[in-house]
Every structure is written in structure tokens, then in C-alpha cells.
There are 2 protein chains.
Amino acid sequence: MHSFDYLQEKLNRIFASVKIISEPKELYDPIAYTLSLSGKRIRPLLVLTGCDLYGGDLDKVINVAIGIELFHNFTLLHDDIMDQAPIRRGKDTVHKKWNANVAILSGDTMFALATEYISHLQATVLPEVLKVFTMTARQVCEGQQYDMNFESQENVFLPDYIRMIRLKTAVLIACSLKLGAIVAGANAEEKKKIYAFGENLGLAFQLQDDLLDTFGEENKFGKEIGGDIIAKKKTFLYVKALELANDMQREALLRYLSTLSMTPDAKIRRVKELYRILHIEEITKAEISGYFDKALQCLDQMDVEQNDKKELRGFANRLLIREY
Amino acid sequence: MHSFDYLQEKLNRIFASVKIISEPKELYDPIAYTLSLSGKRIRPLLVLTGCDLYGGDLDKVINVAIGIELFHNFTLLHDDIMDQAPIRRGKDTVHKKWNANVAILSGDTMFALATEYISHLQATVLPEVLKVFTMTARQVCEGQQYDMNFESQENVFLPDYIRMIRLKTAVLIACSLKLGAIVAGANAEEKKKIYAFGENLGLAFQLQDDLLDTFGEENKFGKEIGGDIIAKKKTFLYVKALELANDMQREALLRYLSTLSMTPDAKIRRVKELYRILHIEEITKAEISGYFDKALQCLDQMDVEQNDKKELRGFANRLLIREY
């Protein structure tokens, strides 16, 4: 396969040439704005990767890569309304810069555009690609719903938490790789393995996000540390801490999170102290390693060049340790 | 083709057997609720009709019919949030019964489900069906955006208004018929004609809706008369009236619509008086007839059985005159 630098470069050229329709501009300006914020474009990169690994023609998979990025950005747009998030990638979110109606409708349009891009795929692989894509789209919605449900649940158990991040984050990573492999004509076994690789990588990736939000270094993480604690988010760290806490610790954790009489800094400090006593950082790192190792096992079993495995392992490593 | 009664009956059986996934229930309950309110299911009926007219196998088009109904209901769900509409089909809207986040996310899920149903189509026709469907989905969003733009525009010109209802309403009617014809294997000419038939019928249908909102009989229309006037909606009637009004009439119309010192009943009465002076009811009826005649001309040119044309003409007639 080509190097990741080559694929990334190709992707940059692709997105630089994507022309978003211009009228009505109230609808398409927010879409162009969202795409211009770009982010890391990991998912379309994985689409190209899945195709390239199995010797597929990259030019045939471009529309799928664009479609996946549009879909991902659509989910962020709507999630930001639901979470009332004011900032995304350092800029105003669409519902903040325009309003909620604009964010709803331009999000819907991005979803339609995503599927429209995918529909341009060659007919031989379209049915399978579309089935995987639409099932994944539905699962991502389910994941977001479970995540919202957690807000009003005091007790969230670990298997429920893992299911949520699997649906909300991991399946789209897995789907991206698999769609590339489908277009390249990989066989059923290989498609299964690359999907499992992506799913485990996605789980590790999300758990790392949870970890960095509390234990990361602010200048590397790019967000304020402790945001999840202030927002009382049910992260892996929180769920695990409640599982391990004795009655007193449990009560303390719940009190810290819900009190109004502590400054945010004090709140974050207290919760982190408790997490340290319960070894949450180490446990989370071990969990991340567990999923990462599973991903690498899947990779080992894949029927692709040894050199390509090495390249992909390096990429996965950079993805996971980039913020430490 | 089969009779419309037969098709309607088939459709009822299809929808009675549609099983919506159940977990997470916060996501799927609103979808089941929306589908149970059912409405008239005109669009899926037109999918079956388009297929039946060209001798297609109805069982092959069922998933498309379900997909189109899911898509249509998704647009209603999101439109109701944007319009802050409390009631739909005599029941609480989803964002009212649950909340806006639920309505956003279960709407998104319906869109994903719609495409998932369509993806089950046989591979030979899937690419074409998907292209028409996704383009239409995008156009419907554009129509809704133009409609929202009108709210803050004082001057809306007739061609802009017609473009809006073409995108928001007519293209989905046209698309439904065309998708059925695609699955049945109709040729390019026929697909063009049935699309044009649907588009003109859709325009007539929407203009009639505008007319009935102001000049209909309440017990037949099923909604309160004058709702558009109270909501200051830029309907065909309003746009046409402003086009024909002299300066004094124009000023009066704008004053009636925006004043806070008139009761709703008085407002409706005054605006209707002005519309009568300007012959708006007659002009709108003539416009409806114009589009209806165009639709019938397309129908005449279609290469289908004379008896079927008669059946379809009867159906179109019932659709258009049902509320008078």
C-alpha cells in the first residue's frame, strides 16, 4: 500500500476540490463552514486505507471517503445541538454561529449529500457498501441515544458503557475500513477481520479520549482538562470508579460532581484525587491496551503484506499515543 | 394495473407488518408513534402505482415504499421542530410529546432506516433508485430552507414561491412514482413522463393545500381555517395578492397580518375580504387547474393501458377535490 503521508496528501487534494452546491446559501454555507474546519479526517483516511490494503483502485473509493466524512460531520453537527456545545475544533458550532434550525436542516442535508456521494459508486459493490453504511448510520444514532440516556441514569454499568461507545464511535471507524475493503474486492473473511480491527481500534481510541479529558496535558489535548467532570459525563473513568468505590468513596464522588458550592478547579482536583486512589488512570490505560492488542491481533491475521501491516500498526500507534 | 383499493389494502398490510427495532426505546418509540399516526400514505401508494403501471412485481418495490414513507415522516418530524408545531394529524408532535433532542435524533434514525430499507432492493435497479432518492432528499431540504427564508423576506416573488413548493413537496411525489417505474423497468422516456406527471400533480396538490387553509370548510379540511394567515405564512395566496394589490391594498394586507390589535377572527375576515376583492380564490383555482391539466397531459402521453390512465386520472381527481 501507499504511505499514510501519500494517502493524507491525496485526501487533502480531494477535499480541496469538493464543491458544495451554493444555493440556498443559508443551507450550504454552514456545510462548507463545517467542512472547512476539517478536523483530522481520520475516517476518510481509513476508507482509502481499507481499499489500498487490498490493492483496490483509490480513485473508485473517493466518493465513499467524501460520503463518510460528510456523514461524520453531520453527526457532530446534530450532537452539538443536543449537547448544546458552543465550540467545536476551536470555532463556534453551527447552531451557535447560526441557530438550531439551521443546524438541524444543514445536518439533514449533509446526511443526504453523504448518501448521494456514495450512490455514485460502481454498481457491482454499491449494494454491499450501502447496506453496511446505512446499518452503521443507524447504529451511530443508537449510540448517541444511549449516551443521552446515561445523563439521567445514576447507575451505568460497564457493558452498557462499552456498548454505547462501540455504537457511537467504534462502528464508524470499522465501517470506514470495511467499505474500502469492499470496493477493493476483499473476501468475506478479510472484511470481517478489518472490521474487527477497526472496531477494537475505535474502542481504544474513545477510551483514550475519556482518559485524556481528565488526565491529559492541556496544551497537547487541545481542550480544557476536566470538561467531562464539570459536565458530569458518564465516561469510562466515572463508570469504573463507581464500580470500584466503597460506599464512602461513592458518596463522595457523587457529591463532588453535583455540588454547586465548589469551584470547577476544586471539583476537578477532588475527583482526580479519588480517581488516583482507585487507580483509575492505570486501569483505563490497561483497558485501552487490551483493545489495542485485540486490534493488533486482528491485523496480524489479515491476509495483507507484512510491510503494510507494519505501516498500519505505526499509524494505529500514532493515533493512540499522539496526545501523551 | 390493480385497483387503488387493492394497492391501498396491500399497503395497509405492509405497514401493519413493519417491525421497528425496539432498543433503545427512547429512540424507536417516537418512530413507531409517528408511523402509527400514519396519515394518508400517499407517497408509498404512488411507489406501488408507478411499479404497477409498468407491469412490475409489487413485492420487489415494497421496501422502497416503506423507505419513502419513513423518509417523508422524517421530514415532517424535523419540520415540526423548526416550525415549533405542537400538533400533527390531530396528535402531539414528537418534539412536544418528548422533546426536541428526541425529535432530532429519532428523525435522523428514520432517515437512516429509510435508506436501509431502500438498500435491500435488487442490485440491478439500486444505483438508479438511490441516485433519484438521494437527490430528492437533498431537494426537499432545500425546499424547507427556502420556506424558512421566506419568513424573514417581505417580498416573495411567484417564481420563487413555485420553486419552493416544487422542492419541498412536488419532487417527492414525482420521485415516488418514478422509483416504482424504475423498479418495473420502464424506459427513460416513460420515467421522464411519470416524473413530470407527479411533479405537476404535486404542485397542484400544494396549491390546493394553500387554498383550503384559507377558503376551505373547516369540518372537511380537518384543520382550523386561517392558520396560514395567523402564522403570516407566505402562501401562494399571499404572494399573488401582494403582486396584484395597489399601494393601499398592499399596505392594508401587511398591516392586517402584523397588527397585534386585531382578534384572530377579525384578522382572518379582513384578509379574506381583501383576497376576495383581488379574486385570489379564483386565480388560485385557475393555477391549480393549470398544473392539474399539465399533469393530465403527461399522463395522456404515457405508454400505459387506457384503463390504467382512467384509474390514475380518477385517483388524481379524488386527491385534488377531496376537501371541497
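1. Section: the overall build of chain A
Then, in step 1: The secondary structure content of chain A amounts to 16 helices and two strands.
Then, in step 2: Rg of the C-alpha trace for chain A: 20 Å, near the compact-globule value of 20 Å for 324 residues, within the 12% margin.
Then, in step 3: When the backbone C-alpha atoms are referred to their principal axes, chain A occupies close to 60 × 50 × 30 Å.
Then, in step 4: Among the 324 residues that make up chain A, the fraction classed as buried is 48%.
Then, in step 5: Here the contacts in chain A between residues at least 6 apart in sequence split such that 72% fall between residues at least 24 apart.

2. Remarks on unusual backbone geometry
Then, in step 1: Omega for the peptide link from Glu23(A) to Pro24(A) comes to -5°, which places this bond in the cis form.
Then, in step 2: Relative to the assigned elements, Pro24(A) resides in the loop between helix 1 (4-17) and helix 2 (25-37).
Then, in step 3: Positioned with a positive phi, Gln84(B) is a non-glycine residue whose angle comes to about 50°.
Then, in step 4: Its place among the elements puts Gln84(B) in the loop between helix 4 (58-82) and strand 1 (87-88).

3. Description of the relation of the copies chain A and chain B
Then, in step 1: Superposing chain A onto chain B takes a rotation of 180° combined with a translation of 0.0 Å along the rotation axis, leaving an RMSD of 0.0 Å. Here the transformation between the copies is reduced to the relation of a two-fold axis.
Then, in step 2: Interface overlap between copies: 100% of the residues of chain A at the interface are likewise at the interface in chain B, consistent with a symmetric, same-surface contact.

4. Things to note about the domain arrangement of chain A
Much of the literature gives interface size as the accessible area that the parts lose upon coming together.
Residue and element names in this part refer to chain A.
Then, in step 1: You can read the domains of chain A as domain 1 (1-185) and domain 2 (187-324).
Then, in step 2: Measuring from the centre of the C-alpha atoms in domain 1 to the corresponding centre in domain 2 gives 22 Å.
Then, in step 3: On the side of domain 2, 21 residues touch domain 1, which itself brings 23 residues to the contact.
Then, in step 4: The dominant element in the side of domain 1 that touches domain 2, judged by the number of residues it contributes, is helix 8 (residues 158-184), at 14 residues.
Then, in step 5: For the side of domain 1 that touches domain 2, the residue count by class is 17 nonpolar, four polar and two charged.

5. Things to note about the interface of chain A and chain B
Then, in step 1: On the chain B side, the residues contacting the 33 residues of chain A number 33 residues.
Then, in step 2: Ranked by residue count, the leading element in the side of chain A that touches chain B is helix 7 (residues 126-151) of chain A, at 15 residues.

6. With respect to the environment of Leu260(A)
All names here are of chain A.
Then, in step 1: Inspection of the secondary structure assignment puts leucine 260 in the loop between helix 13 (247-258) and helix 14 (264-277).
Then, in step 2: Judged by C-beta crowding, with 4 C-beta atoms within 10 Å, leucine 260 ranks as exposed.
Then, in step 3: In sequence terms leucine 260 and glutamate 190 are 70 residues apart; their C-alpha atoms lie 53 Å from each other.

7. Describing the nonpolar core
Then, in step 1: In this structure, Val64(A), Val129(A), Val64(B) and Val129(B) are the most contacted members of the largest nonpolar core, which totals 192 residues.
Then, in step 2: Each of domain 1 (1-185) and domain 2 (187-324) of chain A contributes no fewer than three residues to this core.
Then, in step 3: Val129(A) has contacts with Val64(A), Ile118(A), Leu121(A), Leu179(A), Ile182(A) and Val183(A), leaving out every residue within four places of it along the chain.

8. Some points on the confidence of the model for chain A
Then, in step 1: In the predicted model, chain A carries a mean pLDDT of 94, and the fraction of residues at 70 or more is 98%.
Then, in step 2: Interface confidence in the predicted complex, given as ipTM, is 0.94; pTM for the same model is 0.95.

9. Concerning the packing of helix 9 (residues 188-215) of chain A against helix 16 (residues 306-321) of chain A
Residues and elements named next belong to chain A.
Then, in step 1: Interaxial distance between helix 9 and helix 16 falls to 9 Å at its minimum, and their mutual angle equals 20°. When the axes of helix 9 and helix 16 are compared, the pair comes out roughly parallel. Contact residues: Leu201, Ala204, Phe205 and Gln208 in helix 9; Ala316, Leu319 and Leu320 in helix 16.

10. A look at helix 6 (residues 100-119) of chain A
Then, in step 1: Taking 1.5 Å per residue as the helical rise, helix 6 of chain A with its 20 residues ought to reach 28 Å, and the 29 Å between its terminal C-alpha atoms agrees with that figure.
Then, in step 2: For helix 6 of chain A, the tally of buried residues reaches 19 of 20 residues, placing the bulk of the element in the interior.

11. Notes on the environment of Lys60(A)
Residue and element names in this part refer to chain A.
Then, in step 1: For lysine 60, the position within the fold is in helix 4 (residues 58-82).
Then, in step 2: A tally of 15 C-beta atoms within 10 Å means that lysine 60 is categorised as partly exposed.
Then, in step 3: Residues lysine 60 and glutamine 122, 62 residues apart in the sequence, show an inter-C-alpha distance of 7.7 Å.
Then, in step 4: Not counting residues up to four positions away in its chain, the partners in contact with lysine 60 are Gln122 and Val183.

Each value, and the rule that gives it
- Residues numbered from 1 in each chain as written.
- Chains lettered and ligands numbered in written order.
- Predicted model: local features only at pLDDT ≥ 70, side-chain atom pairs only at ≥ 80, totals over all residues.
- Helix = DSSP H or I, 4+ residues; strand = E, 2+ residues; numbered from the N terminus.
- Rg over C-alpha atoms; globule rule 2.2 N^0.38 Å.
- Buried ≥ 20, exposed ≤ 12 C-beta atoms within 10 Å, placed from the backbone.
- Contact = placed C-beta atoms within 7 Å.
- Least-squares fit on C-alpha atoms with pLDDT ≥ 70 in both.
- Domains from an automatic or database assignment.
- Nonpolar A, V, L, I, M, F, W, Y, C, P; charged D, E, K, R; others polar.
- Core = buried A, V, L, I, M, F, W, Y, C linked by C-beta atoms within 7 Å.
- pLDDT = per-residue confidence, 0-100.
- Axes fitted to C-alpha atoms, helices over the stretch in contact; angles between N-to-C directions.
- Parallel < 35°, antiparallel > 145°, perpendicular 65-115°, else oblique.
- Expected span 1.5 Å × (residues − 1).

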